[in-house]
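Descriptive structure summary
Chain by chain, the residues run as shown.
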Amino acid sequence: MMGEAGRLTRESDIEGKERARQMGNLSVIETILRSRQTFFEEIREGKGVGEKMRAMLVSSVAFFALYGAVMGSSHSLLQALSSAAKLPLLFLTTLVVCAPTLYFFNLNFGSNQSLSQNVTLMLTSITVTSVLLLSFAPVVTFFLLTTNQYQFFKLLNVGVFTISGLIGVTFLSRGMQIVSYGGGERAGTRRTVVWLWIILYAFVGSQMAWTLRPFVGAPGLPFELFRQLGGNFYANVLASFGEILGFVTVR
Amino acid sequence: MRESERHRVDEMLDLLAEEVADRLRTKFWLYSAREVDLPADSTTERERPDESLGEAGEPRAAAPEAGSGAPEAGSAGPEAGSAAAEAGYSTREERRAAPAAPEADREVSIEVGRALDAEPEKEPETEPEEAESERGLEPGLEPGPEASLEAGPEAGPQAEAPSSSPVPSHTARLLGRLALGLLVALVLINIPFNRHGTTLATAMPDNRALVIRNGLVVKEEDDPEIYVFENGEFRWISSLDAFQARGYTWEDVHIVEDGFLEDYAMGPPIHVLVKCNGSPHIYRVEGEKKRWIVDIEAFEAAGHVWEDVQFVSCATIRSLPNGETIPPGNGPAPEP
């Protein structure tokens, strides 16, 4: 009897820990959104950086995957699965590509933060972006089910990514201000560096998205995991606008 | 005061204001729902002493409003609050741990004690989540601001430290539910509902959503002919054989509105050429008819190459009715 009770207690304990662990990933998001000052100060002090990175990584990958699946659903189930895998890959690869630049530039201008602290800050930005994308997902799903304009759907997603990304990098800038500047003598320069890096990040991200396309999937074409290279992201967005407005046909 | 400390204090004050507003809303809702005066030991009553205090022990502006909801129930609250404020204790726990009050204040202290003793030992964070939801509070958040308050501004970053601990909170739960709901919706809209594999997500007619690329197969609504887009022009697929020879299926065909093709250049048609063993003649299949190609010059003039020729049985060729010869006027066509 006692053994059974002990076993149940242990199971309950394990279940509780597991639940706490799962909720922990999402609680980090709440902390970022509600107590960002504290969150960034903890990063500055190096408190729980590893845990934060893990939690943000897990939650942002899950949210990106969900949003990617919504985007790909307009074409086919295969495209949905493909986009669910490719969207987290897009953001994480962009992070990996751009992280050293930010770190070494900051280092060059007097920052004393470690690479992991820099990566945590970038992950914060990505996590905020992923949460905003998730919050947009019902809207995008609504348009997915009620419109048939491929170009409109594509541009809707570009708009959603732009808004979410901008808010995300604003978080990064704010975080850098708290974590790295610290009122030092070269704080102004470092702020400029961060904004220049954000522009670089946007360019790398958009080119990465172009390389990993399709995410939505053209309705007239069979499923493709990757499309052949050629053209660029900005030209395609302009052409899509042109087609919606009736000036050109995207070929 | 440092910039960061000022931010922290501002954040704590915001959280405090939100909580007070929530509790006031809850109280008014409770009063209006019951339309009776609450007993002195009700939940709202035991919250009153705490609410009558500001962060630094000053009476809050919101307190008189709370009192106006239940005048007789609030009698102990303000007194208790002011006594605690004088003592400099801003929270329940600090007031509990306070040293014995001077003789003159003993009566007020007893009031404070009664008000506080009326509280159950369980704090809100140990209450069931449903109860917290009914009170309009955010369960996971409650420990945050209170902990901040109880620790006071001097506590520094530790005051908000619990907020980053893995505590299931309202926003986190909401995010989890949103993600789960979205996942369910995704599964539902991707379930095929007919034998063609159409799903809700792809059910919208897509004629306006076409991307014109090589390999796109289209058919105008009121025209039986099928065209394929190749290298900047649409080419007519002249027969079912040619259609099948290229590996197309009906699912590849996109119905477009009449006149859609008028905007595009038309290329040479796509034909199937057939021949059978034992016969030197080559025929071009167009629609349901076969057209005999008279000689090699005509064959080349029509732009055909030997790779286009398919070998079929002579009976199959014979079963097709004869059309006009290529070039015309060389009939009748010989049978293979």
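Just so you know, these numbers come straight off a predicted model, no measurement behind them. (Residues numbered from 1 in each chain as written. Chains lettered and ligands numbered in written order. Predicted model: local features only at pLDDT ≥ 70, side-chain atom pairs only at ≥ 80, totals over all residues. Heavy atoms only, no water.)

Counting its secondary structure elements, chain A contains eight helices and zero strands. The N-to-C order of helical and strand elements in chain A reads α-α-α-α-α-α-α-α. Within chain A, residue pairs in contact and separated by at least 24 positions form 74% of the contacts whose partners lie at least 6 positions apart. Carbon and sulfur atoms make up 68% of the accessible area of chain A, which totals about 11,300 Å². (Helix = DSSP H or I, 4+ residues; strand = E, 2+ residues; numbered from the N terminus. Contact = heavy atoms within 4.5 Å. Areas by Shrake-Rupley, 256 points an atom, 1.4 Å probe, with all protein chains shown as cover.)

Let's shift gears to the packing of helix 3 (residues 49-72) of chain A against helix 9 (residues 170-189) of chain B. When two helices pack together, their arrangement is captured by the angle between the axes and the distance separating the axes. In the contact formed by helix 3 of chain A and helix 9 of chain B, the axes pass within 10 Å of each other and the chain directions differ by 30°. Between helix 3 of chain A and helix 9 of chain B, the interaxial angle falls into the category roughly parallel. As for how helix 3 of chain A packs across helix 9 of chain B, the hand of that crossing is left-handed. Along the contact surface, helix 3 of chain A presents Phe63(A), Leu66(A), Ala69(A) and Val70(A), while helix 9 of chain B presents Leu175(B), Ala179(B), Leu182(B), Leu183(B) and Leu186(B). Taken together, the residues of the contact of helix 3 of chain A with helix 9 of chain B break down into nine nonpolar, no polar and no charged. (Axes fitted to C-alpha atoms, helices over the stretch in contact; angles between N-to-C directions. Parallel < 35°, antiparallel > 145°, perpendicular 65-115°, else oblique. Left-handed = near helix turned anticlockwise from the far one by under 90°. Nonpolar A, V, L, I, M, F, W, Y, C, P; charged D, E, K, R; others polar.)

The next thing to look at is the sheet that holds strand 5 (residues 272-275) of chain B. Residue and element names in this part refer to chain B. Sheet architecture is open: four strands sit in the order 7-6-5-8, paired in mixed fashion. Every interior strand has two partners, whereas the edge strands, strand 7 (289-293) and strand 8 (309-311), have only one. Each adjacent strand pair in this sheet contributes to an overall mean axis angle of 40°, direction not counted. Relative to strand 7, strand 6 (residues 282-286) is paired through five bridges, and the arrangement is antiparallel. What sits directly across from Arg-284, in strand 7, is Arg-291. (Pairing = 2+ DSSP bridges.)

This part covers the nonpolar core. In summary, soluble globular proteins display a tendency toward joint burial of nonpolar side chains. Formed by 66 residues in total, the largest nonpolar core has its most connected members in Phe40(A), Phe63(A), Tyr67(A), Leu87(A), Leu90(A), Phe91(A) and Trp197(A). At the level of elements, helix 1 (2-34), helix 2 (36-44), helix 3, helix 4 (77-108), helix 5 (115-146), helix 6 (150-181) and helix 7 (187-212) of chain A together with helix 9 of chain B are the ones that each hand at least two residues to this core. Broken down by element, this core gets its largest block of residues, twelve residues, from helix 5 of chain A. If you look at the next biggest cluster of nonpolar residues, it comprises 19 residues, including Val217(B), Ala242(B), Val253(B) and Cys276(B). (Core = buried A, V, L, I, M, F, W, Y, C linked by side-chain atoms within 4.5 Å. Buried < 20%, exposed > 50% of the residue type's maximum accessible area, 1.4 Å probe, protein only.)

Our next topic: the sheet that holds strand 4 (residues 253-256) of chain B. Residue and element names in this part refer to chain B. Here we have four strands laid out as an open sheet, ordered 3-2-1-4, and mixed in their pairing. The sheet is open, and its two edges are formed by strand 3 (233-237) and strand 4, each paired on a single side. On average, each strand axis in the sheet is tilted by 35° relative to the strand beside it, whichever way the strands run. Taken together, the four bridges between strand 1 (residues 217-220) and strand 4 define a ladder with parallel strand orientation.

Residue and element names in this part refer to chain A. Between helix 3 and helix 4, the least distance of the axes is 7 Å, while the angle of their chain directions is 140°. Relative to helix 4, the element helix 3 lies oblique. Where helix 3 crosses over helix 4, the handedness of that crossing is right-handed. Of helix 4, the residues touching helix 3 (which contributes Leu-57, Val-61, Phe-64, Ala-65, Tyr-67, Gly-68, Ala-69, Met-71 and Gly-72) are Gln-79, Ala-80, Ser-83, Ala-84, Leu-87, Pro-88, Phe-91 and Leu-92. Here the contact of helix 3 with helix 4 is built from residues that sort into 13 nonpolar, four polar and no charged.

With that out of the way, let us pick up unusual backbone geometry. At the junction of Arg213(A) and Pro214(A), the peptide bond is cis and its omega measures out at 5° in the coordinates. Within the secondary structure layout, Pro214(A) lies in the loop between helix 7 and helix 8 (233-244). Across the junction of Ile326(B) and Pro327(B), the peptide omega takes the value -10°, indicating a cis bond. Along the chain, the position of Pro327(B) falls in the segment after helix 12 (314-319). Here Asn231(B), not a glycine, exhibits a phi torsion of approximately 50°, which is positive. With respect to the helices and strands, Asn231(B) occurs in the loop between strand 2 (226-230) and strand 3.

In short, geometric facts, not functional conclusions.
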